[in-house]
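# Breakdown of the fold
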Amino acid sequence: MGDLTSIHGAAAALTPVDGTDLRRTFAHFPSGVVAVCARLGGTPYGLVASTFVPVSLDPPLVSVCIQYSSETWPRLKNASRLGLSLLSSEQESAARGLSSKRGDRFREVELRAGNGNAAFVAGATAWLETSVHEQVPAGDHAVVLLRVHRVSVSPESEPLVFHRSDFRALSGKSIAGQLNSA
Ligand SMILES: Cc1cc2nc3c(=O)[nH]c(=O)nc-3n(C[C@H](O)[C@H](O)[C@H](O)COP(=O)(O)O)c2cc1C
């Protein structure tokens, strides 16, 4: 029990969860990077999240998990509309800037206005105009369900990938061809 030798190829034991191991384990799951932005009273607010998940087609819902320690989310959650920008492989420095605790978060970013308070990052791979649908407590994070109102994609651009605490780009190599047109 607890020995993963048969699936891992080398001796590897399952260990009880601690914060560092859990963070490292989660980091093995690659994700995109999404900027969540709004302009409130003329001031832009935003953060980046790697926890974006498409949730439902009907009604159209996506989610992000937001840590309760966030100082920016209490402002963003009041926005009539929130802009989600799925960052492109060219936008690593924008992602770093948009998550920084110091300095102007928007120094690397060209913002475009959407409906209501929504603000979008130019040069991203896709954009979703959303509003907060429901916020579900989940440990030290809130799972925020967002209703999608309008979308746009930039078919030629490649996504920024976050994997093992590093920013990466896709190799571009298709392994088995498309499942369906995307
Ligand atoms: C690649 C990356 C992914 C992140 N993903 C999340 C996330 O999914 N949820 C979250 O609450 N914060 C995430 N953060 C942290 C936020 O972007 C931001 O740094 C944090 O909310 C602290 O700033 P604030 O106090 O102004 O909100 C991520 C940061 C980086 C660099």
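About the thresholds
Residues numbered from 1 in each chain as written. Predicted model: local features only at pLDDT ≥ 70, side-chain atom pairs only at ≥ 80, totals over all residues. Heavy atoms only, no water. UniProt positions renumbered as here; feature names shortened; annotations may be inferred. Helix = DSSP H or I, 4+ residues; strand = E, 2+ residues; numbered from the N terminus. Near = heavy atom within 4 Å. Polar contact = N/O pair within 3.5 Å; in protein donor to acceptor, adjacent residues only side chain to side chain. Areas by Shrake-Rupley, 256 points an atom, 1.4 Å probe, with all protein chains shown as cover. Phe/Tyr/Trp six-rings, centres within 6.5 Å; stacked < 30°, edge-to-face > 60°. Buried < 20%, exposed > 50% of the residue type's maximum accessible area, 1.4 Å probe, protein only. Pairing = 2+ DSSP bridges.

The name an unreviewed UniProt entry gives the protein chain is Flavin reductase family protein, with Nocardia tengchongensis as the organism. Per its UniProt entry, the protein chain bears the Sequence similarities (unreviewed entry) comment "Belongs to the non-flavoprotein flavin reductase family."

## Points about the UniProt feature "domain: Flavin reductase like" (unreviewed entry) in the protein chain
In this numbering, the UniProt entry assigns the feature "domain: Flavin reductase like" (unreviewed entry) to residues 26–169. Helix makes up 9% of residues 26–169 and strand makes up 50%, while its end C-alpha atoms are separated by 19 Å.

## Considerations on the site of the ligand
If you check the shell around the ligand, you find 16 residues, and the closest are V48, T51, S70, T72 and K101. V48 places a polar main-chain atom, nitrogen or oxygen, 2.7 Å from an oxygen atom of the ligand. In the model, an oxygen atom of the ligand is placed 2.7 Å from a nitrogen or oxygen of the T51 side chain. Alone, the ligand offers 620 Å² of accessible surface; in the complex the protein occludes 85% of this.

## Re the packing of aromatic side chains
A complete count under the given rule lists one aromatic pair for this structure. Pairing F162 with F167 gives two aromatic rings, centres 5.1 Å apart and planes at 45°, and the pair type is tilted. Note on F162: relative accessible area 27%, which makes it partly exposed.

## Quick notes on the pairing of strand β9 (residues 126–138)
Taken residue by residue, a regular strand's side chains alternate between the two faces of the sheet. Bridge count between strand β6 (residues 82–86) and β9: five bridges; the pairing is antiparallel. Bridge pairing in β9 links L82 to T130. Bridge count for β9 against strand β10 (residues 141–153) is twelve bridges, and the pairing is antiparallel. Note that in β10 the partner of Q135 across the bridge is V144.

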